[in-house]
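# Examination of the molecular architecture
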Amino acid sequence: MLLFRDEAHVDRWCGVREMTRGALLTPEQAWQLAQGWYKEKLKPEWRRPTVEEAEALLASIGLTGAFWNLRA
Amino acid sequence: MGSDIEALGFDVRLYVFNEAAATGHVPQPLQIARALRRSEAEVRAALQILAEGKTLIMAPNGGDIWAASPFCAVPSGFRVHAAGKRYWGTCAWDAMGIAAALGSDAQITAPCGDCGSGMTLEVRQGRLERSEGIIHFAVPAHHWWDNIGFT
């Protein structure tokens, strides 16, 4: 997951690699995702989120649809 | 033996992540073995189980840890300064994840994936107070682990 200056830079990067654009997140969405995924990682009781928990996290920040489907 | 290694995995996990958080450096098998007073072979077996569970990522073609996500074991363009230390993330998500895992204010610098120009993000008191750019996920979620290095 790379950071880009703007969408034109994303499209240029994809074009060079003959890839279609994936999904774009605002920095705030990425921060919410990072918090949900990692804020417990140092705790002894940490465990990897279940698919259901991961789906709920993604949905909570508006990441829904085929691209974010974890079950395909 | 199997259950012993699984139990060791718990200790290895705590040591690896706490050491990475405390120092900015992800410990490798020999250091872990010495710290936990176990053989390197046992530690490598425990790391393999942790990697299979996607708790951390081993380097391709080797027995070293590449990333105890969100902490990257090798220098990257995703630099995080927090609590007076320097960390590396494997990607934009993980760089922010370091700030989240530490629960600390942080300054994150990263290059634009296209032009390489530097950008800065800052976390203060649990909020993203400064940001630039956008984050691109090139790979659909269900394919992230097909090639986690590219993802």
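Scroll up a little and you will see the structure.
Residues numbered from 1 in each chain as written. Chains lettered and ligands numbered in written order. Predicted model: local features only at pLDDT ≥ 70, side-chain atom pairs only at ≥ 80, totals over all residues. Heavy atoms only, no water.

## A few points about the pattern of salt bridges
Going by this rule: The working definition used for a salt bridge is a side-chain nitrogen of Lys or Arg within 4 Å of a carboxyl oxygen of Asp or Glu.
Taken as a whole and judged by the stated rule, the model has 14 salt bridges over all chains. With a closest N to O distance of 2.9 Å, A:Glu40 and A:Lys43 form a salt bridge. One salt bridge in this structure joins B:Glu122 and B:Arg130, with 3.4 Å as the shortest N-O distance. Counted as one network, the salt bridges with shared partners bring together A:Glu7, A:Asp11 and A:Arg21.

## What about unusual backbone geometry?
Here is the rule we go by: Here a helix means four or more residues in a row that DSSP labels H or I, a strand means two or more in a row labelled E, and each is numbered from the N terminus. Accessibility here uses a 1.4 Å probe with only protein chains present; expressed as a share of the type maximum, an area under 20% marks a residue as buried, one over 50% as exposed, and anything in between as partly exposed.
Following B:Ser69, the chain continues to B:Pro70 via a peptide bond in cis, the omega torsion being 15 degrees. Examined against the element boundaries, B:Pro70 turns out to sit in the loop between β2 (65-68) and β3 (71-72). One non-glycine residue with positive phi stands out, namely A:Glu18, at about 55 degrees. A:Glu18 sits in the exposed class, given a relative accessible area of 75%. With a phi close to 55 degrees, B:Arg37 is a non-glycine residue in the positive phi region. On the secondary structure map, B:Arg37 appears in the loop between α2 (29-36) and α3 (40-52).

## A look at the interface of chain B and chain A
Put simply, the rule reads: Here a residue-residue contact requires only that any non-hydrogen atoms of the pair lie within 4.5 Å. Summed over both partners, buried area is the accessible surface (1.4 Å probe) that two parts give up on being assembled.
Contact residues are listed per partner, giving 53 residues for chain B and 40 residues for chain A. For the chain B and chain A pair, buried surface summed over both sides reaches about 4300 Å², with 66% attributable to carbon and sulfur atoms. Area buried by chain B at its contact with chain A is led by B:Trp93, B:Ile134 and B:His136, which between them contribute 19% of it. Viewed at the interface, chain A and chain B are joined by 2 salt bridges.

## Section: the sheet that holds strand β5 (residues 85-89) of chain B
What counts is decided by this rule: At least two bridges found by DSSP between two strands is the condition for calling them paired. Every axis corresponds to a line fitted to the C-alpha atoms, with the helix fit spanning only the stretch in contact, and the corresponding angles, defined between N-to-C directions, vary from 0 to 180 degrees.
Read from one edge of the open sheet, 5 strands run β5-β4-β6-β7-β8 (chain B), paired in antiparallel fashion. Each of the sheet's edge strands pairs with one partner strand only, and the pair in question is β5 and β8 (127-130) of chain B. Here the strands of the sheet are splayed against their neighbours by 25 degrees on average, with no regard to which way each runs. On top of the sheet, helix α2 (residues 27-38) of chain A reaches β7 (118-124) and β8 of chain B; it is set at about 150 degrees to β8(B), its chief contact.

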